[in-house]
Amino acid sequence: MSNSTTDIDAMYSGDGFHSDPPLITGDLSFHDITEMVSKHAEKKTPFAWYVAFGISSSIAGLLLIMIAYLFWNGIGVWGVNNPVGWGWAIVNFVFWVGIGHAGTLISAILFLFRQKWRTSINRAAEAMTLFAVMCALVFPGIHVGRVWAAYWMLPIPNQMEMWPQFKSPLLWDVFAVSSYFLVSLVFWYVGLVPDLATLRDRTKKVWRQKILGFLSLGWTGSNRHWRNYEKSYLLLAALATPLVLSVHSVVSFDFAVSVIPGWHTTIFPPYFVAGAIFSGFAMVVTLMVVARKIYSLENVITINHLEKMNIIILLTGTMVGFAYITEFFMAWYSGVRYEQYAFINRATGPYAWAYWTMMFCNLIFPQFFWIKKIRRSIPFMFFASIVVNIGMWFERFVITVTSLHRDYMPSSWDYYTPTAVDVLTFVGTFGLFFTLFLLFLRWVPMVAISEVKGVMPEADPHFYDNHGDGHASTAAPTVTPNS
Amino acid sequence: MLNNLLRSAKASMSIYEPIKDDVYGVLAEYPNPGALLHAAEDVHKAGYKKFDTHTPFPVHGMDKAMGLGNSNVGYFCLLGGITGLSLAIWLQWWTGQVDYPINISGKPFFAFEPSIPVMFELTVLFSAYAAVIGMLLLNGLPRPYNPLFYSSSFSRASDDAFFLFIAAEDDKFDMEKTQAFLKEIGGTNLEVVHDRGTSSDGSEGEDIDGSQSPQEAEVLM
């Protein structure tokens, strides 16, 4: 064997393996990782999956019924009134788009920051992004009243010789969310190609080989291919990072660009982005806590991964809470009576119950995560992640409804109550989300196999070197047995 | 001339022509990424040009070991970005100022400030898709037919095996010498891969060495 590796050695001397705890526990080989992840996409479908799929697809069916009912009868079946012209539809839209943010954040921003722990969760989180954005896109699609004219939102040449109004934040939204969906989709698929090749090479069934062979594009793991692949993945991450921050900023413009007291603020873009990451990570925790148990992936998605996500929840939750308090300060400091009233009304008015639910769930409750023991407790983090998502739904409700229900003219004030159709439509989107997620768990490797292998110490070529200088041989962390 | 250019372009995508007797190249297995990296260095130093390594994950330092430069995907991405940005500016200007001007509260028909969100989104969208399309073009993907799939052990390249492949098309390729060389630098499980031009006969690559099964190739510590 050659000894001429000193220059490459120098490149990798500071690779961070020395101090970090192992990312993958349980003393697994590369083949073990392949087995562990891909067997779930290959084995016979378990009965429990059919049960779960039956329930979630029935709930998704409920969504279809509610949408059909809405189309037949019109927007009047919802609780919206005057002045609350925007009700649960926009609340749910912003909620689901927010959920969708964690996936791309984990894939893109953590990739750029070389956070190797992301590899265990990024595949499922990206899938979650896609499905959440699909759920979100339902609402702008159906809320327009005249659904058959929804295509007016897109710049399609038509016989009316009419174009969309590009000065409207609602149109920016169409571009932002659809670009986000398309980029997330291609990012997810590119990451999936090597793993689909793994599944293709393992299967004995001809029809599976054909489908997987088509989808994996003839991938052979060639280094000439990996070179371009890694570059394009890096570029996608670099593009998706500002995109993720822009999408919720643009969503916040829907509010911030108007003149309604409580909406017209410059804090909205960063505050919406922080809230989106907060709720998205909470949803990732909810899903991963369950999935790692059912699919016995505890060695790949370790408690350290979950703890890191909880730290991000704590951080973003505190940022969101800080924004709530800043809004109050700015309302007072602006000296605008309408603005001041809007905020006092939020905390003490008819929707105070929603406001304090939001405050408790988003600002106060995540503070428990300061304690390491609680942060690493599976039951607690599962409960907390659900509390956070309830809180974030209420945040969007508070922003939308409390600002609208008492605007400039007391004569038009009204109280908004949702109808059963509102509630069931929202419940139905959860059915759609879980149906898609279950299909994903069934057919696709839910952990990025090639990426997890790539962060294992054995993947470093210098793991095998021993130059006698003590540096390369200690580069490998001691792999602790599963504890 | 043109043929040679086309051949070298295809070689950069890891697509090679078979030489006589349908011989596509020689495939050797190495026990771990470290051994493969050293082997690739040796092969590169020995003057081989048309060779490739196949691994289940990208091995860091391999580009340098194989003597490959930086990837060109970035240029595609830049081109896509410029296209997206131009399209967004043109779309908003032409629809708002030229084709369908509407006076809303006296706002200008076209201005850059309210056009920035759409400009940004289309720039990102086009760059991202250009990066992916560029990656596929430079890699020669999708490529459903690949003679390497005839090999009996190659399916493990996407699992836990590390292969080095030298194409028969390479100027330095010599059936005996190349195999001896690959063995000398630690290769096991040597296989001559044939390009039969069809996948219907179902026959597998010829196992000429057979001395070591993949299972015996233990991880060298």
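Higher on the page you've got the structure.
Just so you know, these numbers come straight off a predicted model, no measurement behind them.

*Asks:* Got a sec to walk through the overall build of chain B? Specific residues and values, please.
*Replies:* In terms of helices and strands, chain B carries six helices and four strands. Reading the secondary structure of chain B in the N-to-C direction produces α-β-α-β-α-α-α-β-α-β. A burial count over chain B gives 50% of its 221 residues as buried.

*Asks:* Give a detailed account of the overall build of chain A, specifying residues and quantitative values.
*Replies:* Looking only at helices and strands, one finds 17 helices and zero strands in chain A. Looking at chain A as a whole, 59% of its 483 residues qualify as buried. Taking the intrachain contacts of chain A between residues at least 6 apart in sequence as the baseline, contacts between residues at least 24 apart amount to 81%. Here chain A carries 31 positive and 28 negative side-chain charges, and the mean point of each set is 6 Å from the other.

*Asks:* Before we move on, could you go through the pairing of strand E3 (residues 162–167) of chain B and cite the residues and values that matter?
*Replies:* Residue and element names in this part refer to chain B. Along E3, six of the six residues are buried, which leaves the element largely enclosed by surrounding structure. Residues Phe162, Leu164 and Ile166 point to one face of E3 and Phe163, Phe165 and Ala167 to the other, with burial holding for every one of them. Examined bridge by bridge, strand E1 (residues 23–30) and E3 share six bridges and lie antiparallel to one another. Each residue of the ladder has a partner; that of Tyr30, found in E3, is Phe162. As defined by bridge partners, strand E2 (residues 51–54) adjoins E3 across four bridges and the pair is classed as antiparallel. By the bridge assignment for E3, Thr53 is matched with Leu164.

*Asks:* With reference to specific residues and values, describe the sheet that holds strand E4 (residues 188–194) of chain B.
*Replies:* Residue and element names in this part refer to chain B. Strand order across the open sheet formed by four strands is E2-E3-E1-E4, with antiparallel pairing between neighbours. This sheet does not close on itself; its edge strands, each paired only once, are E2 and E4. Recorded for the sheet is a direction-independent mean angle of 20 degrees between the axes of neighbouring strands.

*Asks:* How would you explain a nonpolar patch on the surface if you had to name every residue and give the values?
*Replies:* All names here are of chain A. A grouping of Trp207, Ile211, Phe214, Leu215, Leu439 and Trp443 is seen on the molecular surface, where their side chains present a nonpolar patch of about 640 Å² in accessible area. Assignment of secondary structure puts Ile211 in helix H8 (residues 206–215). On the basis of relative accessible area, Ile211 is assigned to the partly exposed category, the value being 46%.

*Asks:* Account for the environment of Phe139 of chain A, naming residues and giving values.
*Replies:* Take Phe139 of chain A: it is sitting in helix H6 (residues 122–142). With 290 residues separating them along the chain, Phe139 of chain A and Thr429 of chain A place their C-alpha atoms 9.7 Å apart.

*Asks:* Which residues make up helix H3 (residues 47–73) of chain A, and what values go with them?
*Replies:* Residue and element names in this part refer to chain A. Its 27 residues place the ends of H3 39 Å apart at the C-alpha level, agreeing with the 39 Å of an ideal helix rising 1.5 Å per residue. Here H3 has its buried residues at Trp49, Ser56, Ala60, Leu63, Met66, Ile67 and Leu70. Tucked into the core, H3 has its buried residues touching H6 and helix H16 (420–443). Immediately downstream of H3, the backbone of Gly74 shows phi near 100 degrees, a positive value.

*Asks:* Explain the interface of chain A and chain B residue by residue, including any values.
*Replies:* At the junction of the two partners, chain A supplies 62 residues and chain B supplies 82 residues. The junction of chain A with chain B conceals about 6,500 Å² of combined surface from both sides, 65% of it contributed by carbon and sulfur atoms. For the interface between chain A and chain B, the tally reads one salt bridge. Residues Asp52 of chain B and Arg224 of chain A are paired through a salt bridge, measuring 4.0 Å at the closest nitrogen-oxygen approach. Summed over the shared surface of chain A and chain B, the result is 30 residue pairs in polar contact (both at pLDDT 80 or more). For the side of chain A that touches chain B, the elements supplying multiple residues, two or more each, are helix H1 (6–11), helix H2 (30–42), helix H7 (169–202), helix H9 (223–256) and helix H17 (449–455) of chain A.

*Asks:* Residue-level account of the nonpolar core, with values.
*Replies:* For soluble globular proteins, the rule of thumb is that nonpolar side chains tend to be buried together. Of all hydrophobic cores here, the largest spans 199 residues; its most connected members are Trp96, Met288, Phe397, Phe440 and Met446 of chain A together with Leu164 and Leu182 of chain B. The residues contacting Met446 of chain A, other than those within four sequence positions of it, are Val37, Arg123, Ala124, Met288, Ala291, Tyr295, Leu297, Ile301, Phe440 and Leu441 of chain A. Residues Leu27, Leu148, Phe154 and Phe165 of chain B belong to the second largest nonpolar core, which totals twelve residues.

*Asks:* Can you explain the side chain of Thr241 of chain A? Please cite residues and give values.
*Replies:* Tracing the chain through its elements places Thr241 of chain A in helix H9. With sequence-adjacent residues up to four places away left out, Thr241 of chain A is seen in contact with Ala108, Ile109 and Leu112 of chain A.

*Asks:* Kindly report on the packing of helix H11 (residues 303–334) of chain A against helix H15 (residues 378–405) of chain A, identifying the contributing residues and their values.
*Replies:* Residue and element names in this part refer to chain A. Direction vectors running N to C along H11 and H15 enclose 30 degrees, while the axes themselves pass 12 Å from each other. It follows that H11 is roughly parallel to H15 by the angle criterion. Viewed along their axes, H11 and H15 form a crossing whose handedness is left-handed. Residues Ile303, Leu306, Asn310, Ile313, Val320 and Tyr324 of H11 lie in contact with H15, whose contacting residues are Ile378, Met381, Val388, Met392 and Glu395. Tallied by class, residues from the contact of H11 with H15 come to nine nonpolar, one polar and one charged.

*Asks:* How would you summarise the side chain of Arg200 of chain A if you had to cite specific residues and measurements?
*Replies:* Turning to its location among the elements, Arg200 of chain A is positioned in helix H7. Residue classification places Arg200 of chain A among the buried positions, given a relative accessible area of 9%. From its side chain, Arg200 of chain A meets the backbone oxygen of Trp219 of chain A in a polar contact 2.7 Å long. Ignoring sequence-local partners within four residues, the contact set of Arg200 of chain A consists of Gln209, Leu212, Gly213, Ser216, Gly218 and Trp219 of chain A together with Phe149 of chain B.

*Asks:* Give a detailed account of the packing of helix H4 (residues 88–99) of chain A against H15 of chain A, specifying residues and quantitative values.
*Replies:* Residues and elements named next belong to chain A. Contact geometry for H4 and H15: axes closest at 9 Å, N-to-C directions at 135 degrees. Classified by the angle their axes make, H4 and H15 are oblique. In this structure, H4 crosses over H15, and the sense of that crossing is right-handed. Together, Trp88, Ile90, Val91, Asn92, Val94, Phe95, Gly98 and Ile99 of H4 and Asn389, Met392, Trp393, Arg396, Phe397 and Thr400 of H15 make up the contact between the two elements. Here the residues of the contact of H4 with H15 sort into nine nonpolar, four polar and one charged.

*Asks:* If you had to explain unusual backbone geometry to someone new, which residues and values would you point to?
*Replies:* The amide bond that connects Asn82 of chain A to the next residue, Pro83 of chain A, takes the cis arrangement and shows omega of 20 degrees. Its place among the elements puts Pro83 of chain A in the loop between H3 and H4. Following Leu141 of chain B, the chain continues into Pro142 of chain B via a peptide bond in cis, with omega recorded as -5 degrees. Its place among the elements puts Pro142 of chain B in the loop between helix H5 (116–139) and E3. Although it is not a glycine, Ser296 of chain A adopts a positive phi angle of roughly 40 degrees. By the element assignment, Ser296 of chain A lies in the loop between helix H10 (268–294) and H11.

Thresholds, definitions, all that
- Residue positions are counted from 1 within each chain, in the order its sequence is given.
- Whichever chain is written first becomes A and whichever ligand is written first becomes 1, with later ones labelled in order.
- Restriction of local features to residues with pLDDT of at least 70 applies here, the model being predicted, together with a cutoff of 80 or more for giving and counting side-chain atom pairs; totals for whole chains, interfaces and linings are based on all residues.
- In computing side-chain values, all of the structure's heavy atoms are included and hydrogens and water are not.
- Each helix is a run of H or I in the DSSP string that is no shorter than four residues. Each strand is a run of E no shorter than two, and both are numbered from the N terminus.
- Residue exposure (1.4 Å probe, protein chains only): buried if accessible area is under 20% of the type maximum, exposed if over 50%, otherwise partly exposed.
- Two residues qualify as a contact provided that any one of their heavy atoms is within 4.5 Å of a heavy atom in the partner residue.
- Positive residues here are Lys and Arg, negative ones are Asp and Glu, while His and the chain termini are left out of the count.
- A charged residue contributes its charge at one atom only: NZ of Lys, CZ of Arg, CG of Asp or CD of Glu.
- In this scheme, strands are said to pair when DSSP sees at least two bridges between them.
- Axis geometry follows a simple rule: fit a line to the C-alpha atoms, using only the stretch in contact for helices, then measure angles between N-to-C directions, giving values from 0 to 180 degrees.
- Patch definition: residues with relative accessible area over 30% and no salt bridge; like charges joined within 9 Å; nonpolar side chains (Val, Leu, Ile, Met, Phe, Trp, Tyr) joined within 5 Å.
- In this description, accessible areas are obtained by the Shrake-Rupley approach with a 1.4 Å probe, and a residue is regarded as covered only by the protein chains that are shown.
- Salt bridge, as applied in this entry: a Lys or Arg side-chain nitrogen positioned within 4 Å of an Asp or Glu carboxyl oxygen.
- To estimate how far a helix should extend, the number of its residues minus one is multiplied by 1.5 Å.
- Once two parts are put together, the accessible area they lose, assessed with a 1.4 Å probe and summed over both, is termed the buried area.
- Nitrogen and oxygen atoms within 3.5 Å of one another constitute a polar contact, given that in protein one can donate a hydrogen and the other can accept it, and given that sequence-neighbouring residues count only through two side-chain atoms.
- Note on terminology: a nonpolar core comprises buried Ala, Val, Leu, Ile, Met, Phe, Trp, Tyr and Cys residues joined through side-chain atoms within 4.5 Å.
- By the definition adopted for this analysis, an angle is roughly parallel if under 35 degrees, roughly antiparallel if over 145, roughly perpendicular if from 65 to 115, and oblique otherwise.
- Helix crossings fall into two classes, left-handed where the near helix is turned counterclockwise from the far one by less than a right angle and right-handed where it is turned clockwise.
- Note that Gly is not counted as nonpolar here; it falls among the polar residues with everything else outside the nonpolar set of Ala, Val, Leu, Ile, Met, Phe, Trp, Tyr, Cys and Pro and the charged set of Asp, Glu, Lys and Arg.

Function-wise, these values are silent; they only describe arrangement.
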